[in-house]
Amino acid sequence: MDSTAMKTVNTIRILGCEAIEKAKSGHPGIVLGSAPILYELWANHMYHNPYNPDFINRDRFIISSGHGSALLYSMLCVFNYGLTTEDMKGFRQFGTLTPGHPEYGHTKGVEISTGPLGQGVANSVGMALAERTLAAKFNKDDIKPINHYTYCLCGDGCLMEGISYEAASFAGAQGLGKLIVLYDSNDITIEGNTDITFKDNIKMRFEAVNWQYLKVNDGNNLEEIGKAIEEAKAETNKPTIIEIKTVIGYGSPNKSGTPGVHGAPLGEEELKATKANLGLDPEKEFYIDDDVKAHMKDVCGKLAEYEEEWNKVYADYKEAYLEDAAELEKWLNLEYDRDLEDNEEFWAVDGVSRSTRQCSEVILNRAAKVVPNLIGGSADLSPSNLTVMKGREYLSKETPTGTNIHFGIREHAMAAISNGMYVHGGFRPYFATFFVFCDYLRPALRMEGIMGIPLIGIFSHDSIGVGEDGPTHQPVEQLSSLRSLPHYSVFRPCDLTETAAAYCYALVSKEKPTAIVTSRQTILPVEGTSKEALKGGYIFKDGEKEVPDIILIASGSEVPIIDMTSEILSKEGLSVRCVSMPCIEAFELQSDEYKESVLPRACTKRVAVEAGTFYGWHRYTGFDGAVISIDNYGVSGKFVDLFKKYGFTPENVAEKAKEVYNK
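Analysis parameters
- Residues take numbers from 1 onward in each chain, read along the sequence in its written order.
- Residues qualify for local features only when their pLDDT is at least 70, as the model is predicted, and side-chain atom pairs are given and counted only at 80 or more; totals for whole chains, interfaces and linings, by contrast, use all residues.
- To obtain the side-chain values, all non-hydrogen atoms of the structure were used and water was disregarded.
- Helix numbering and strand numbering both begin at the N terminus, where a helix is a DSSP run of H or I of at least 4 residues and a strand a DSSP run of E of at least 2.
- A radius of gyration in this sense is built from C-alpha atoms; the matching globule rule multiplies 2.2 Å by the number of residues raised to 0.38.
- In what follows, a contact means two residues having at least one pair of non-hydrogen atoms within 4.5 Å.
- With residues, only the protein chains shown are counted as cover, and all accessible areas are computed by Shrake-Rupley using a 1.4 Å probe.
- Take the number of residues in a helix, subtract one, and multiply by 1.5 Å to get its expected span.
- Exposure categories follow from relative accessible area, calculated using a 1.4 Å probe and restricted to protein chains: below 20% of the type maximum is buried, above 50% is exposed, and the middle band is partly exposed.
- Interaxial angles span 0 to 180 degrees and are taken between N-to-C directions of axes, which are lines fitted to C-alpha atoms, for helices over the stretch in contact.
- Angle categories are assigned with fixed cut-offs, so that under 35 degrees is roughly parallel, over 145 is roughly antiparallel, 65 to 115 is roughly perpendicular, and the rest are oblique.
- Helix crossings get a hand from a simple test, with the near helix turned counterclockwise from the far one by less than a right angle marking a left-handed crossing and a clockwise turn marking a right-handed one.
- The definition of a polar contact used here is a pair of N or O atoms within 3.5 Å, where within protein one atom must be able to donate a hydrogen and the other to accept one, and adjacent residues in sequence count solely through side-chain atom pairs.
- Any carboxyl oxygen of Asp or Glu within 4 Å of a side-chain nitrogen of Lys or Arg constitutes a salt bridge here.

Peer 1: Hey, could you go over the overall build of the chain for me, with residue numbers and the actual values?
Peer 2: For the chain, the helix and strand inventory stands at 25 helices and 20 strands. A globule of 663 residues ought to have a C-alpha radius of gyration of about 26 Å, and the chain, at 28 Å, matches this closely. Long-range pairs, those at least 24 residues apart, make up 76% of the contacts in the chain with a sequence separation of at least 6. When the accessible surface of the chain is split by element, carbon and sulfur atoms take 49% of a total near 25300 Å².

Below is the structure:
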């Protein structure tokens, strides 16, 4: 085995452990155990250019075990990605390039934010799916501009999480032959040996879902690791998992192989002993020997040639297939959604009464005509939530150019796979399920908000309006729950126009994910709705007074209710303003002047109406107002009866409004 290569591996190990020691926080076990895996992959098998980490045809690498960030940063440092030893000294400190877990868009070379175990496995499935779909769309028999692999490092914990099984099952069904998962199998978790709770036969488990399984018995044997990676690349019909047996904390004389090395620094003396044990100078800190630097300069120089070769391929592609190249670049730059706000066909209305899930179907299909790289599907509910793009094929191993996706009943993986597709580049993904099941995929929604990536979640059957299915399927707390997510927008439209606004807002967004929440039941049409819905909240009906006597606020299916309520109150001599609030987050982004024009401080008599919990509405109703909401779970029955039971009728809203007005 090449002594310089192993010295480089040990340098990577110690840099990570030193960063953890300086921070007095981190996870040295994976750094010491998995460094040989990543070195062999990055140096000899992965298609990437450290000097231009973003070139489009690079292989993707995801560290699903995000607690191993110090290992990733050590790799980025030693492989000349731009991180320095000074950056390593700032590990886990405020304002540095080396935060506690890898953060998308923050550190060059970090493909996606990871940390919650198993998410990265599903993200890698999304990236591999994106690569295959782009390749099928744009590659030619003679020139292939899209041609790369996706690699993921995961651990025992990732494979215990349910999302990893959901994602693996989907990947196997899709036959994603260019997805390779490197499983750091060290038999240790925080609580002890994995056999106390994790006795899965990984080989049988993955072969059962149509994966190739390979095993490397010695995680320090670079040659064997390399052979396994090449064997994995040779299998083109199914994804591969390579189980690599490692020793957690390898090289630490007193802590290797123990749970204690997982999530705590080695300690100064043990760190010195580990350096000596690995053949490095115990007294030198954050040090890279000249021979390692020279070796890595040579390695990285060869890696840079990958992009040079690809640039020649792409130049030939542009010359031979100019129109395809231009379209590919539009897909990669997400340039198709810029003119939606001025697209008359997209905003056209017809006066037909619909449920907003039906409105969503109409607008989704209009968007599909404008945005060819729109891709997505539902967790086995598309006939109910109406999320199929008509005239497009379903994505599968046999039809890799399809853009409708059967995700199967895998909500959590569905959202995380979609995150991976977006981060890969080239697509605007959406995913869909019943609103009540958004709880199943909430961790992936949270990651979207953290990363600031504009995914689109379509959530139908939005309230007690679900009716006969009863409380298990009637979302009550979900609206306020999603609204509590930072950097996340929740649209609950009332008609076709507001649904168009929701899709326009979501598709134009470059920094925030958006949930579009739709009804099962038909909603009565309302006059006065408009593109102003893009502002999140607006006046759709107003009384004669400049300052109204009372303001009624609602979203979604409750907008027609306040419209009818205003008629009752107007007949009793009150000047009523009706405000539709389809997206609180968008409204809060408006100027103070605009918000004052909609909800003037001079009018404190306000009633908000929404078929969900009351949380959040008091910011608009204040101490003198009221919220008509639901403070319990629903019941089974016809939605008309349920709306009456819970007070969502014009008559009840009118009585409550008069109480507020007469206080």
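Peer 1: Go over helix α20 (residues 559-571), please, and point to the residues and values.
Peer 2: For α20, with 13 residues, the first-to-last C-alpha span of 19 Å sits near the 18 Å given by 1.5 Å per residue. Those residues of α20 not exposed but buried are Val559, Pro560, Ile561, Ile562, Asp563, Thr565, Ser566 and Leu569. Count one or two residues on from α20 and you reach Gly573, which has phi positive near 90°.

Peer 1: Any chance you could break down the packing of helix α2 (residues 28-44) against helix α3 (residues 69-78) for me, citing the residues and the numbers?
Peer 2: The contact between α2 and α3 brings their axes to 9 Å, and the two run at 40°. In this view, α2 runs oblique relative to α3, as classed from their interaxial angle. Here α2 runs over α3; the crossing is right-handed. Contact residues: Ile30, Val31, Ser34, Ala35, Leu38, Tyr39 and Trp42 in α2; Ala70, Leu71, Leu72, Met75 and Leu76 in α3.

Peer 1: Give a description of the environment of Thr613 that names residues and reports values.
Peer 2: Relative to the helices and strands, Thr613 resides in the loop between β19 (606-609) and α23 (618-621). Residues within four places of Thr613 in sequence aside, it is in contact with Val476, Glu477, Ser480, Ser629 and Ile630. There is a polar contact of 2.8 Å between the side chain of Thr613 and the side chain of Ser480.

Peer 1: Residues and numbers for the environment of Thr189, please.
Peer 2: If you trace the backbone, Thr189 turns up in strand β4 (residues 188-189). In this structure Thr189 comes out as buried when scored by relative accessible area, which is 19%. In the structure, Thr189 is positioned 465 residues away from Ala654 in sequence and 59 Å away in space, judged by C-alpha atoms. Non-local contacts of Thr189, meaning those with residues more than four positions away in its chain, are made with Met160, Thr194 and Pro259.

Peer 1: Explain the pattern of salt bridges to me, and be specific about the residues and the numbers.
Peer 2: Using the criterion set out here, one finds 39 salt bridges in the structure. The residue Asp563 makes a salt bridge to Lys541 at a minimum N-O spacing of 2.9 Å. Note that Asp563 is positioned in helix α20 and Lys541 in strand β16 (residues 538-541), a separation of 22 residues in sequence. A salt bridge links Lys545 to Asp549, with the shortest nitrogen-to-oxygen separation between them at 2.9 Å. Through salt bridges with shared partners, one network takes in Asp462, Arg483, Arg492, Glu558 and Glu610.

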